[in-house]
There are 2 protein chains.
Amino acid sequence: MRVESIHRKGQNHPVAATKHLTAEQMAKNQKEISVSEFFAKNRHLLGFDNKQKALLTTIKEAVDNSLDACEEAGIAPDLLIEIHQVEEDRFRVVIEDNGPGIVKEQIQNIFGKLLYGSKFHSRRQSRGQQGIGISAALLYAQMTTGKGAKIISKTTRGKPQSLTLQMDSAKNKPMITKEAVLKEWHLKHGTRFEVELEATYKRGLRSVDDYIKQTAVSNPHATLHYLTPDDEEPRIYERAVKVVPDRPAEIKPHPYGVELGELIRMLRETNSRWLVGFLQEEFCRVGRKKALEIIKEAGLGEKSYPTRIAREEADALYRSIQKTKISAPPTTCLSPIGEKRITEGLMKETDADFYAVATRPPSVYRGNPFQIEVGIAWAKPGGDQLEVDKRGRIKKTKKRRGTVDTENLLGNADEPVRLLRFANRVPLLSQQSGCGFTKAVTQTSWKSYGLQQPKGSMPLGSAVILVHMASVWVPFTSEAKEAIAPYDEILKEVKRALQDAGRKLGAHIRKDKRVANEFEKRSYIEKYLPHVGIGLQEILGITDEAREEIVETLGDSLETARNI
Amino acid sequence: MRVESIHRKGQNHPVAATKHLTAEQMAKNQKEISVSEFFAKNRHLLGFDNKQKALLTTIKEAVDNSLDACEEAGIAPDLLIEIHQVEEDRFRVVIEDNGPGIVKEQIQNIFGKLLYGSKFHSRRQSRGQQGIGISAALLYAQMTTGKGAKIISKTTRGKPQSLTLQMDSAKNKPMITKEAVLKEWHLKHGTRFEVELEATYKRGLRSVDDYIKQTAVSNPHATLHYLTPDDEEPRIYERAVKVVPDRPAEIKPHPYGVELGELIRMLRETNSRWLVGFLQEEFCRVGRKKALEIIKEAGLGEKSYPTRIAREEADALYRSIQKTKISAPPTTCLSPIGEKRITEGLMKETDADFYAVATRPPSVYRGNPFQIEVGIAWAKPGGDQLEVDKRGRIKKTKKRRGTVDTENLLGNADEPVRLLRFANRVPLLSQQSGCGFTKAVTQTSWKSYGLQQPKGSMPLGSAVILVHMASVWVPFTSEAKEAIAPYDEILKEVKRALQDAGRKLGAHIRKDKRVANEFEKRSYIEKYLPHVGIGLQEILGITDEAREEIVETLGDSLETARNI
């Protein structure tokens, strides 16, 4: 046994002795940490790890907010997204929407204060949920350029307000540096967000371009005008649907999703006089009968005062809830993309030979309703495209491209399948390896569906897998909202959806192989049919026409004899 | 091209129309989100994703705090860690230290308020840095059992205080539910944290057992008494070193690590009268000469008032700093484990044949000094153990175990190498796949160091790789502090350290193979030496003794002829 070590002079213990502290001295250093100081120091938690991601995150947060606002107001979203290069690594970004606008008093808090918003406390599907994103973009811009953000907003009734904002990060408070009422503005209602930040603009995978394209797929009711620093004219993604999705309903918490500590808090704060009323009023899916059942099982009285229930009694109530059969929460709070839209989106983005979609029934994790949708687009590896017509004939229809088009998401057959991840219609571009969706895909056995798959890895194939989770609360692995935490219930549902779609794919691939097989055999026989014709002609002494007719008839019987 | 879809009745668009909102209605829903509400809903961000991790995180946060407190006070840490099972999935956890204790006024904030502490604002290496962990443990316990935490603490001068605490999560404020001054306590100074939580206790990888064992390795100056729910008596990890590491020094920010926004804030808030003084007093590594150089390059005056500097001037100052050559920050703020301790730790935990350690010189990312240490333990795959003695003889010394001992970290030769990750002496057990250290290992080419490595994966081998990052600020990928964000500078340093140690490993493995080769050849010749002896005896007619002597001499020449 040997020990080798690499020493560098003076590197081994570079600690200088400093004075030790007493408890009293330590106490003086204890203080509150503002949430904005915390995130300024931990900016990678918010998706600002590097200049390229900073640009993407800023645009993503602004677009998410714009789409949410339009939908809440029932307006078909019309968005303008502009990136202007100011210096080598400085960009000015503009996001403008035709949403309902923001009332003047709220503008500064929404854009200039972390942990502020309307979506955190509501149990309804939305893109934003934390009240962090857009103020984080302002904070990052301010940290890197020293400049604040400019917001113009107009409500239907109000005048167009223009505010320039900075954030006091030690206090997590907005500071207005300029303020004006505009005489006129080109929109009747809407909001414009403009900010200058240190950034890098790149094309390709995980770029802003990629994000915008995927956003158009998952939001077919929105029109996006997107101007890159490289283009003269904006690219326009026109809406494919005129109808705005209905505003998802807000729901009360489901009893199964409320923990003991939360239950105690709810009991303390309720306005309900009696326990039986409390259960019916504060939760979904609990009627009078169910409430009485829960109370009886817990050994409590229906007319107990909720506010006077002790911890031990609350514990009994909690356990009783877990034992009682309560139906799943309503799913009116969810807004899935829909199978038709997913297929259309995949068709627009891929030149595949086969598409399969699967929608799971809504399910629940920690009391939060959610629903999983999966789409698969698959292209036959290389070679000719074979199809079977109505009469059962096999036809070569087209040649597939050998190389990958940059605009085509499909990779080569020996590459890992591309995974498109969406949460509440928002494309997730980063942190794929740490995402629960990825885990579900790699843990699914794709060999039985006709795809090769190295152990513990993504399946291989010229294919795209799309996974969408619609939920009232998406459990992201970080505040940057880039990947889904692998809760068991979510993993299970994603796997099932993948299996549903995978089985269809497997059936198609098997059939496809059979067709290819048949085709090979047929073409082999076909090759000799003319020779058989000539032979028959010689033996029977028939005309050329009769020979051709025989050859054709033989060909037809060959086709119809082989059922596929 | 075909489209297959799986429909379920009524599942396809389960959205019920709800009333759309105006800007004014939306404004009413806008409100502040308390940081504790935020983390209660996002508990997976803090490492409380499931019951097993909840137990680990609770213990980890308490132990980290205890070790930090002891070291700050210059006390050799003596810790008691107890896990008691209360019900099937409820455990009572106790962590007691002999640290300096906490003054009474601070106890409630330290344990009952998120984002509160002494380490966030100091630029010095410590385990804790966020002021979130231990209060998060209390919050989780309260959410799952409805009970608060009990803290007993005594300072040298003060009396033993006992507090039972809960947290008002809507306000992120501590609530004292019980309070007492104890007449006596068994420690002169120290702190005891006791909490009941919903949890699962498991052994094996990523368990509390694993964490405690690794903590003992990276903290050889600490004694840990660890009682599991399965044992009658605590397991004792005695300290291997009597000396407490020196308290790392606190440093001022380095000019390169300060961004424009931060510089503007510092200018606004400084007490320095003149710019030249500001630069010298607020930053490390800036003397008068350097300060004047920066100011001149920026086109400013040395006697400008810092508080009156405009954004454009600050911008010039910022750019001038980037252009000026300033030496790297001091590294007295760091406390690496040290090569000797790393080797000893690896030896204690693995039954390997070879150990290599590498320490990088300190480096800087975003102005934060950090230092990387790497250790490798490697065992020859299966078979016999060959060694070369001083005379150059090859000896078989022992048989290696064929199977993996549960207490031995080394896996089989065809399995991925095990990676032990540490940040500021704290073992990181979760999120390995999302960690920058893992990225650095998989991006290193191990084939040239004699290990097999599937493309883009961990190398294979019966080996352990240990990586430690010591830094004044560790960029974790989430508040749970489980993985390191892959900043370029950090990745680069880890890779270089891996290469340094890897080269040593490569040299050893090559030599090892050569030895094995020699051994094979030698044993082949050796086999025939007696026959040569018998032949010579027959030809020369010598005695049996002379024959044996000749055989021995031949054997010796064989050994010495082959230099290894």
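Above: the structure in question.
No experiment lies behind these values; they were computed from the predicted model shown.

A. Focus on the interface of chain A and chain B. In this complex, chain A contributes 121 residues to the contact, which on the side of chain B involves 122 residues. Both faces considered, chain A and chain B share a buried interface measuring about 10800 Å² in area, 54% of it formed by carbon and sulfur atoms. Applying the counting rule to chain A against chain B returns eight salt bridges. In this structure, Arg-319 of chain A engages Glu-87 of chain B in a salt bridge whose closest nitrogen and oxygen atoms are separated by 3.1 Å.

B. A look at empty space enclosed by the protein. All names here are of chain A. What the rule picks out here adds up to 15 cavities of 30 Å³ or more. If you add up the space inside the largest cavity, you get close to 170 Å³. For the largest cavity, the lining is made up of 16 residues, of which Asp-68, Glu-71, Gln-125, Ser-126 and Pro-248 are closest to its centre. For the lining of the largest cavity, a count of residues per class yields two nonpolar, five polar and nine charged. Taken together, domain 1 (40–237) and domain 3 (331–511) each give at least three residues to the lining of the largest cavity, which thus spans both. Taken as a whole, the second largest cavity spans an internal volume of roughly 90 Å³. Along the walls of the second largest cavity sit Lys-53, Leu-56, Thr-57, Lys-60, Glu-61, Pro-427, Leu-428, Leu-429, Ser-430, Ala-480 and Glu-482, which together make up its complete lining. Of all the secondary-structure elements, those providing two or more residues to the lining of the second largest cavity are α3 (51–72) and β18 (426–428). The element contributing the most residues to the lining of the second largest cavity is α3, with five residues. Looking at the lining of the second largest cavity, its residues break down into five nonpolar, two polar and four charged.

C. Just helix α3 (residues 51–72) of chain B, in detail. Residues and elements named next belong to chain B. Relative to the 32 Å expected for 22 residues at 1.5 Å per residue, α3 spans 32 Å between its end C-alpha atoms, a close match to the ideal helical length. By the criterion of burial, α3 is predominantly enclosed, with 18 of the 22 residues buried. Here α3 starts with a cap whose side-chain oxygen sits 3.2 Å from the backbone nitrogen of Gln-52, and that cap is Asn-50. Just past α3, the residue Gly-74 takes up positive phi, approximately 70°.

D. Region of interest: the relation of the copies chain A and chain B. For the pair chain A and chain B, the best superposition has an RMSD of 0.1 Å and corresponds to a rotation of 180° with a translation of 0.0 Å parallel to the axis. Expressed as a symmetry operation, the mapping of one chain copy onto the other fits a two-fold axis. Most of the interface of chain A is mirrored in chain B: 100% of its interface residues are interface residues there too.

E. Representation of the sheet that holds strand β10 (residues 223–227) of chain A in the model. Residue and element names in this part refer to chain A. As summarised here, the arrangement of the eight strands in space is β8-β7-β6-β9-β4-β3-β10-β11, forming an open sheet in which the pairing is mixed. The open sheet has two edge strands with one neighbour each: β8 (173–181) and β11 (235–237). The sheet shows a mean angle of 15° between the axes of neighbouring strands, taken without regard to direction. Both strand β7 (residues 161–168) and β8 contribute to a ladder of eight bridges, which runs antiparallel. If you follow Leu-165 over to β8, its bridge partner there is Ile-176. Seen against the sheet, helix α4 (residues 104–112) touches β6 (149–154), β7, β8 and β9 (190–198) and runs at an angle of roughly 35° to β7. Helix α6 (residues 208–218) contacts β3 (78–87), β10 and β11 of the sheet and is inclined by roughly 170° relative to β10.

F. Expanded view of unusual backbone geometry. At Asn-172 of chain A, a position not held by glycine, the phi torsion is positive, near 55°. Mapped onto the elements of the fold, Asn-172 of chain A is located in the loop between β7 and β8. A positive phi angle is found at Arg-285 of chain B, which is not glycine, with a value near 65°.

G. Seen up close, the pattern of salt bridges. Per the stated rule, a full pass over the model turns up 84 salt bridges over all chains. The salt bridge involving Arg-192 of chain A is made with Glu-96 of chain A; its shortest N-O contact spans 3.0 Å. Residue Arg-192 of chain A is found in strand β9, and its partner Glu-96 of chain A is found in strand β4 (residues 90–97); the two are separated by 96 residues along the sequence. Glu-96 of chain A carries the same exposure label as Arg-192 of chain A, and that label is buried. A salt bridge links Asp-209 of chain A to Arg-235 of chain A; the shortest N-O distance between them is 3.4 Å. In this pair, Asp-209 of chain A is assigned in helix α6 and Arg-235 of chain A in strand β11, connecting sequence segments 26 residues apart. What emerges from the salt-bridge pattern is a single network uniting Glu-87, Arg-90, Lys-147 and Glu-196 of chain A together with Arg-311, Glu-312, Asp-315 and Arg-319 of chain B.

H. Summary view of the environment of Gly-533 of chain B. All names here are of chain B. Take Gly-533: it is sitting in helix α13 (residues 488–540). Note: C-alpha distance between Gly-533 and Glu-548 (15 residues apart in sequence) is 7.2 Å. Residues contacting Gly-533, with those up to four places away along its chain left out, are Arg-547 and Val-551.

I. Molecular detail of the packing of aromatic side chains. What the rule picks out here adds up to 18 aromatic pairs over all chains. Taking 5.1 Å as the distance between ring centres and 70° as the angle between the ring planes, the aromatic pair formed by Phe-38 of chain A and Phe-39 of chain A counts as edge-to-face. Residue classification places Phe-39 of chain A among the buried positions, given a relative accessible area of 2%. For the ring pair Phe-120 of chain B and Trp-473 of chain B, a centre distance of 5.5 Å and an interplane angle of 90° mean the geometry is edge-to-face. One end of the pair, Phe-120 of chain B, is in the loop between β5 (116–117) and α5 (133–145); the other, Trp-473 of chain B, is in the loop between β19 (463–471) and α13, and 353 residues separate them in sequence. The two residues Phe-120 of chain B and Trp-473 of chain B agree in class, both being buried. Each residue in the set Phe-38 and Phe-39 of chain A together with Phe-120 and Trp-473 of chain B is aromatic and connected to the rest through ring pairs, giving one cluster. Over the face of the ring belonging to Trp-274 of chain A we find Lys-303 of chain A, whose NZ or CZ atom lies 4.3 Å from the ring centre.

J. The sheet that holds strand β10 (residues 223–227) of chain B, seen in detail. Residues and elements named next belong to chain B. The eight strands lie next to each other as β8-β7-β6-β9-β4-β3-β10-β11, forming an open sheet whose pairing is mixed. With one partner strand each, in any of the chains shown, β8 (173–181) and β11 (235–237) form the two edges of the open sheet. Geometrically, the sheet is characterised by an average inter-axis angle of 15° between neighbouring strands, direction not taken into account. Alignment of strand β3 (residues 78–87) against strand β4 (residues 90–97), held across seven bridges, turns out to be antiparallel. Each bridged residue has a counterpart across the sheet, and for Glu-87 the counterpart in β4 is Arg-90. Packed onto the sheet, helix α6 (residues 208–218) meets β3, β10 and β11 and runs at close to 170° relative to β10.

Calculation criteria
Residues numbered from 1 in each chain as written. Chains lettered and ligands numbered in written order. Predicted model: local features only at pLDDT ≥ 70, side-chain atom pairs only at ≥ 80, totals over all residues. Heavy atoms only, no water. Contact = heavy atoms within 4.5 Å. Buried area = accessible area lost by both parts, 1.4 Å probe. Salt bridge = Lys/Arg side-chain N within 4 Å of Asp/Glu carboxyl O. 1 Å grid on protein atoms, 1.4 Å probe; cavity = no way out; pocket = protein on both sides within 12 Å on 5 of 7 lines; lining within 4 Å. Points joined across faces, edges and corners; volume = space filled by probe spheres on them. Nonpolar A, V, L, I, M, F, W, Y, C, P; charged D, E, K, R; others polar. Domains from an automatic or database assignment. Helix = DSSP H or I, 4+ residues; strand = E, 2+ residues; numbered from the N terminus. Expected span 1.5 Å × (residues − 1). Buried < 20%, exposed > 50% of the residue type's maximum accessible area, 1.4 Å probe, protein only. Polar contact = N/O pair within 3.5 Å; in protein donor to acceptor, adjacent residues only side chain to side chain. Least-squares fit on C-alpha atoms with pLDDT ≥ 70 in both. Pairing = 2+ DSSP bridges. Axes fitted to C-alpha atoms, helices over the stretch in contact; angles between N-to-C directions. Phe/Tyr/Trp six-rings, centres within 6.5 Å; stacked < 30°, edge-to-face > 60°. Lys NZ or Arg CZ within 6 Å of the ring centre and 35° of its normal.

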